[in-house]
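Observations on the model geometry
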Amino acid sequence: MSQELNVMEPVAKPSRPKGWARWRILTLLMAVFVSLAGLRVITGQDMLTDAGTVRTTLTFAVPIGLAALGGLWAERAGIINIGLEGMMIFGTWFGAYFAWSFNDPWIGLLAGTLGGMFGGLIHAVATVTFAVDHIVSGVAINILALGAMRYLSILVYADIPGAGAAQSPSAPSFPTLTVPWLPEALGPVAQSGIFLVSDFAALIIGLTTRMSALTLIAILLVPISYLVLWKTTFGLRLRSVGENPDAAESLGVPVYTLKYIAVVISGGLAGMGGVFLAIVASQIYQEGQTGGRGYIGLAAMIFGNWRPGGLAMGATLFGYTDALQLRGGGAAIHALLLLLAVVLLVVAVWQVRKDRKGIAVAGFLAAIVLLFWYFSTDSLPRELATYSPHIATLLVLSLASQKLRAPAGIGKQWRASRS
């Protein structure tokens with residue numbers, strides 16, 4: 001009998017060494033960097049790894065990453081935040097207005113963050129207190145923000161030269177940070193064209209020259225969010241609310257309070273992303289300048305499997321493809337077809353080993369089509385290159401979707417038990 005019980009016991013999975021996931025991410029990042037460096041040498045497209053592309057990538061990735069962080073905080077507490085787009089709109093308007101009014105970007109940052117938090121508070125009241133459907137509440141906030149900011153622009157900027165119903169006057173920007181000796185020291189190395197050496201030098205130059213102070217703050221918020229959510233008691237309780245609020249309540253966790261805190265912080269991060277768009281990226285508020293980045297931030301968060309490091313990689317992917325099509329045009333994006341074809345071939349071989357022949361055949365055929373496309377053309381049409389960031393995001397999400405795991409209690413309406 002004891003032997004039968006032993007047979008029925010589940011076999012424990014072998015434990016992975018501490019830091020295994022961290023080394024896996026670092027290995028992946030290194031593989032991507034080496035691939036891009038090799039692609040630069042093969043195709044001659046220097047834009048793939050030059051310092052300007054790195055800086056532009058940060059400019060495009062930061063607002064998406066901040067929106068993704070906002071989505072992470074809310075969804076880890078069980079609240080779907082489709083309203084990130086509207087909260088970013090609040091951040092763009094209030095950030096630009098107060099930065100212009102006080103001639104101080106830091107006051108604009110505070111005002112834009114508070115504007116996003118106001119949007120988060122509306123979402124929390126609707127979803128947590130009144131149990132409104134999360135999607136309905138988020139969409140309503142997006143519509144409200146767009147209309148309200150249009151009204152305020154007409155009210156405030158109507159008689160101001162250079163402004164109007166759709167834009168604000170120019171606002172002061174944040175100071176930029178540069179390591180003084182690096183550009184001069186590494187510039188010749190970056191221009192040498194040596195495989196990996198010049199690429200790494202260009203990467204260092206791009207990350208250490210003319211970086212906005214708000215960019216540095218946004219980058220630091222990624223590890224800070226990880227430490228708070230995964231290494232503190234507060235973070236453990238907040239994540240338990242998103243996984244199983246009933247169990248959390250039974251242990252004395254204030255479920256309602258933590259949901260409110262998470263959604264308000266979520267709105268503040270999205271508002272900060274809006275401030276970046278208005279003050280760093282353009283130094284002016286313009287109607288529609290968020291351009292759907294709140295939704296893209298949600299996609300980056302899902303790609304990152306509801307983890308800070310993963311969403312940062314998702315935001316960087318979108319920012320990189322957007323920067324590449326802006327700086328290099330269709331020719332630079334065309335070079336990525338070769339890399340994508342090789343990746344699909346590797347995926348096909350891997351799926352064969354996993355005995356998933358259908359997926360393997362699909363990947364192999366797609367790789368052949370991309371190789372034919374690459375060798376038969378010299379550039380991508382401008383219209384297609386413009387939408388390459390969205391296409392890249394969809395492709396990566398489709399490839400990674402099988403291993404994604406959302407918090408168990410996400411999107412569910414919850415009410416405290418009556419004792």
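All figures in this text were calculated on a predicted structure; none of them were measured in a lab. (Residues numbered from 1 in each chain as written. Predicted model: local features only at pLDDT ≥ 70, side-chain atom pairs only at ≥ 80, totals over all residues. Heavy atoms only, no water.)

1. Details of the overall build of the protein
Of regular secondary structure, the protein possesses 18 helices and 2 strands. Expected size for 419 residues packed as a compact globule is a radius of gyration near 22 Å; at 23 Å, the protein falls within 12% of this value. Over its C-alpha atoms, taken along the principal directions, the protein stretches across nearly 85 × 60 × 40 Å. Expressed as a percentage of the 419 residues in the protein, the buried residues total 45%. Counting only contacts in the protein whose residues sit at least 6 apart along the sequence, the fraction spanning at least 24 positions is 79%. As displayed, the protein offers around 21100 Å² of accessible surface, 68% of which is attributable to carbon and sulfur atoms. Each charge class in the protein can be summarised by its mean position, and for the 27 positive and 19 negative side chains these summaries are 8 Å apart. (Helix = DSSP H or I, 4+ residues; strand = E, 2+ residues; numbered from the N terminus. Rg over C-alpha atoms; globule rule 2.2 N^0.38 Å. Buried < 20%, exposed > 50% of the residue type's maximum accessible area, 1.4 Å probe, protein only. Contact = heavy atoms within 4.5 Å. Areas by Shrake-Rupley, 256 points an atom, 1.4 Å probe, with all protein chains shown as cover. Lys, Arg positive; Asp, Glu negative; His and termini not counted. Charge placed at Lys NZ, Arg CZ, Asp CG, Glu CD.)

2. A look at a positive patch on the surface
Residues Arg24, Arg353, Lys354, Arg356 and Lys403 make up a contiguous surface patch of positive charge. Looking at the secondary structure, you find Arg353 in helix H15 (residues 329–353). Classification of Arg353 as exposed rests on a relative accessible area of 66%. (Patch = residues over 30% accessible without salt bridge, like charges linked within 9 Å, V, L, I, M, F, W, Y side chains within 5 Å. Salt bridge = Lys/Arg side-chain N within 4 Å of Asp/Glu carboxyl O.)

3. Regarding the side chain of Thr53
With respect to the helices and strands, the residue Thr53 is situated in helix H3 (residues 51–76). With residues up to four places along the chain from it excluded, the contact list for Thr53 reads Met47, Leu48, Tyr320, Ala323, Leu324 and Arg327.

4. Quick word on the nonpolar core
Proteins that are soluble and globular tend to have nonpolar side chains buried together. By size, the foremost hydrophobic cluster in this structure holds 49 residues, and its most contacted members are Leu72 and Leu214. Sorting the residues of this core by element identifies H3, helix H4 (84–102), helix H6 (134–157), helix H9 (213–231), helix H12 (255–281), helix H13 (293–303) and helix H14 (308–327) as the ones contributing at least two each. Looking at this core element by element, the count peaks at 9 residues for H12. The residues touching Leu214, leaving out its near neighbours within four places in the chain, are Leu109, Phe174, Met272, Val275, Phe276 and Val280. By size, the runner-up hydrophobic cluster in this structure holds 18 residues, among which are Leu336, Leu337, Ala341 and Tyr374. (Core = buried A, V, L, I, M, F, W, Y, C linked by side-chain atoms within 4.5 Å.)

5. Observations concerning the layout of surface pockets
As a volume, the second largest pocket reaches approximately 220 Å³. Put simply, the parts of the chain that give the lining of the second largest pocket at least two residues each are H3, strand E2 (211–212) and H12. (1 Å grid on protein atoms, 1.4 Å probe; cavity = no way out; pocket = protein on both sides within 12 Å on 5 of 7 lines; lining within 4 Å. Points joined across faces, edges and corners; volume = space filled by probe spheres on them.)

6. Regarding a nonpolar patch on the surface
Taken together, the side chains of Trp23, Ile25, Leu26 and Leu29 present a nonpolar region at the surface, about 410 Å² in accessible area. Relative to the elements of secondary structure, Leu29 occurs in helix H2 (residues 20–43).

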